Amino acid sequence: MIGVITGTGSWLPEQIVDNDDLARIMDTNDEWIRERTGIVKRRIIKEESTVSMATGAALRALEDAGVAAEELDMLLVSTVSSDVLLPSTACEVQKNIGATNAVCFDINAACTGFLFALNTAQAYFHAGLVKKVLLIGAESLSTLVDWSDRGTAILFGDGAGAAVLEAAEGELLPMVMHSDGARGEALTCKSPFAVRKSPLTVANMMKAVEKEDYVGMNGQEVFRFAVKRVPECVEELLDKCGKTTEDVDYFILHQANRRIVESIAKRLKTDISKFPMNLMEYGNTSSASIPILLDGLNRKGTLKRGMKLVIAGFGAGLSWGAAYMEW
Ligand code: COA
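Overview of the structure. (Residues numbered from 1 in each chain as written. Predicted model: local features only at pLDDT ≥ 70, side-chain atom pairs only at ≥ 80, totals over all residues. Heavy atoms only, no water.)

**Section: the side chain of Asp 158**
Then, number 1: Relative to the assigned elements, Asp 158 resides in the loop between α6 (150–153) and β7 (159–168).
Then, number 2: A distance of 2.6 Å separates a polar atom in the side chain of Asp 158 from a polar atom in the side chain of Ser 142.
Then, number 3: Every residue in contact with Asp 158, bar those within four places of it in the chain, is listed here: Leu 12, Pro 13, Arg 43, Ile 44, Ile 45, Met 53, Glu 139, Ser 140, Leu 141, Ser 142 and Thr 285. (Helix = DSSP H or I, 4+ residues; strand = E, 2+ residues; numbered from the N terminus. Polar contact = N/O pair within 3.5 Å; in protein donor to acceptor, adjacent residues only side chain to side chain. Contact = heavy atoms within 4.5 Å.)

**Let's talk about helix α10 (residues 258–267)**
Then, number 1: Within α10, burial applies to Ile 260, Val 261, Ser 263, Ile 264 and Ala 265.
Then, number 2: For α10, the capping residue at the N-terminal end is Asn 257, with a side-chain oxygen 2.6 Å from the backbone nitrogen of Arg 259.
Then, number 3: Trailing α10 by a residue or two, Lys 269 shows a phi angle of about 50°, which is positive. (Buried < 20%, exposed > 50% of the residue type's maximum accessible area, 1.4 Å probe, protein only.)

**Regarding the pairing of β7**
Then, number 1: Counted residue by residue, β7 has eight buried out of ten residues, so it is predominantly covered.
Then, number 2: As paired strands, strand β1 (residues 2–11) and β7 are joined by nine bridges and run antiparallel to one another. Bridged to Gly 7 within β7 is Val 164.
Then, number 3: Relative to β7, strand β6 (residues 132–139) runs antiparallel, the two being bridged by eight bridges. By the bridge assignment for β7, Lys 132 is matched with Glu 166. (Pairing = 2+ DSSP bridges.)

**Examining the packing of helix α3 (residues 50–65) against helix α4 (residues 89–97)**
Then, number 1: The contact between α3 and α4 brings their axes to 9 Å, and the two run at 55°. Taken as axis vectors, α3 and α4 run oblique relative to one another. Relative to α4, the crossing made by α3 is right-handed. Together, Thr 50, Val 51, Ala 54, Thr 55, Ala 58, Leu 59 and Leu 62 of α3 and Thr 89, Glu 92, Val 93, Asn 96 and Ile 97 of α4 make up the contact between the two elements.
Then, number 2: Classifying every residue of the contact of α3 with α4 by side-chain character gives seven nonpolar, four polar and one charged. (Axes fitted to C-alpha atoms, helices over the stretch in contact; angles between N-to-C directions. Parallel < 35°, antiparallel > 145°, perpendicular 65-115°, else oblique. Left-handed = near helix turned anticlockwise from the far one by under 90°. Nonpolar A, V, L, I, M, F, W, Y, C, P; charged D, E, K, R; others polar.)

**Brief notes about the site of the ligand**
Then, number 1: Near the ligand you find 22 residues, and of these Thr 28, Arg 36, Arg 150, Gln 220 and Asn 257 are the closest.
Then, number 2: Thr 28 places a side-chain nitrogen or oxygen 2.6 Å from a nitrogen atom of the ligand.
Then, number 3: Side-chain polar atom of Asn 257 to an oxygen atom of the ligand: 2.7 Å apart, as the coordinates give it.
Then, number 4: Starting from 970 Å² of accessible surface for the ligand in isolation, the protein chains cover 73%.
Then, number 5: Where the shell around the ligand is concerned, the elements lending two or more residues are α2 (30–37), α6, α9 (219–241), α10 and β12 (308–315).
Then, number 6: In terms of residue count, the dominant contributor to the shell around the ligand is α9 (four residues).
Then, number 7: Grouping the amino acids of the shell around the ligand by side-chain chemistry returns nine nonpolar, nine polar and four charged. (Near = heavy atom within 4 Å. Areas by Shrake-Rupley, 256 points an atom, 1.4 Å probe, with all protein chains shown as cover.)

**Examining the pairing of β6**
Then, number 1: β6 sits mainly inside the fold: eight of its eight residues count as buried.
Then, number 2: Residues Lys 132, Leu 134, Ile 136 and Ala 138 point to one face of β6 and Val 133, Leu 135, Gly 137 and Glu 139 to the other, with burial holding for every one of them.
Then, number 3: Where strand β4 (residues 74–78) and β6 come together, five bridges link them in parallel fashion. The partner of Ser 78 across the bridge, within β6, is Gly 137.

**Some remarks on empty space enclosed by the protein**
Then, number 1: One pass over the structure, following the stated rule, counts one cavity of 30 Å³ or more.
Then, number 2: What lines the largest cavity is simply Leu 118, Asn 119, Gln 122, Leu 173, Pro 174, Met 175, Ala 323, Tyr 324 and Met 325.
Then, number 3: Mapped by element, the contributors of at least two residues to the lining of the largest cavity are α5 (113–126) and β13 (319–326).
Then, number 4: In terms of residue class, the lining of the largest cavity is built from seven nonpolar, two polar and no charged. (1 Å grid on protein atoms, 1.4 Å probe; cavity = no way out; pocket = protein on both sides within 12 Å on 5 of 7 lines; lining within 4 Å. Points joined across faces, edges and corners; volume = space filled by probe spheres on them.)

This is the structure:
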């Protein structure tokens, strides 16, 4: 058995923060951000939280799939920005939506998290342990970034995306997953609960916490890692499937930076039109970016049944991976 996506949903905070808004609170400008990242604006929470966005995305995905919450066997949330350490975000969402029969847990694999959650779910489908699974990627990274660090603060946005998977006849889909803890220092957040706060107020930016407690990043190292490892792992995946890039309709990549996506497309010698992007609108929403992108394409009718997709994530850990799936 395999899991097939039968419904998607997403939930974005109402507050839109564009590059000019950021230029008013830090030494940056719209041109620099657009040129280096492709990002134009992002959503930042005000009243919302990781749990509330995850719940909103979950309800929309269930409605899209026509599945009742009680039918779910498993509910996985990928997040690095849970509202509290305990209980897990997955259990909080379970409570909110009434998924009383689901086993619920969180996965922390940063921007690769949704991909790892998807692959984990596929292994459960393959083992015959589940029939209906809800996957959610939900993040409020705005509460973890150092708003006085223009090198990272401009990149991230908040949001949640979700997908319902239902069991169908089929062979286990090829998947590739990698981790390299030895290079973990390139992207860190040492003490998230020391820094959590409502974002984008001067008072909060002045809060006295250690610099290293916030998200810290060696941007160039992460950039080099992504543009090398992601094409390698996509090629490894396609080899496993006996396919080529020509067989793939869309490459659904984690939405970190337009230059990263363009460079990956180039290394795969594949036209950029096969790499849909939403990072211009939402920035890097970490583990939420892939399901938000899937939901956008699904609701626009871009994705048609039978289309072949490669889904690939990469980020802190360092971690990266890819999965092949038929829509
Ligand atoms: N606005 C204006 N100038 C900025 C800036 C900003 N927001 N951020 C950095 N700069 C400045 C730097 O201070 C530096 O100035 P200097 O030359 O006077 O020292 C200059 O711009 C170049 O900085 P650099 O860090 O070399 O830029 P870059 O081309 O590497 O771009 C990133 C920076 C962060 C956009 C880029 O490295 C990147 O996207 N990396 C990947 C990060 C990522 O995607 N992480 C998440 C992965 S899941």
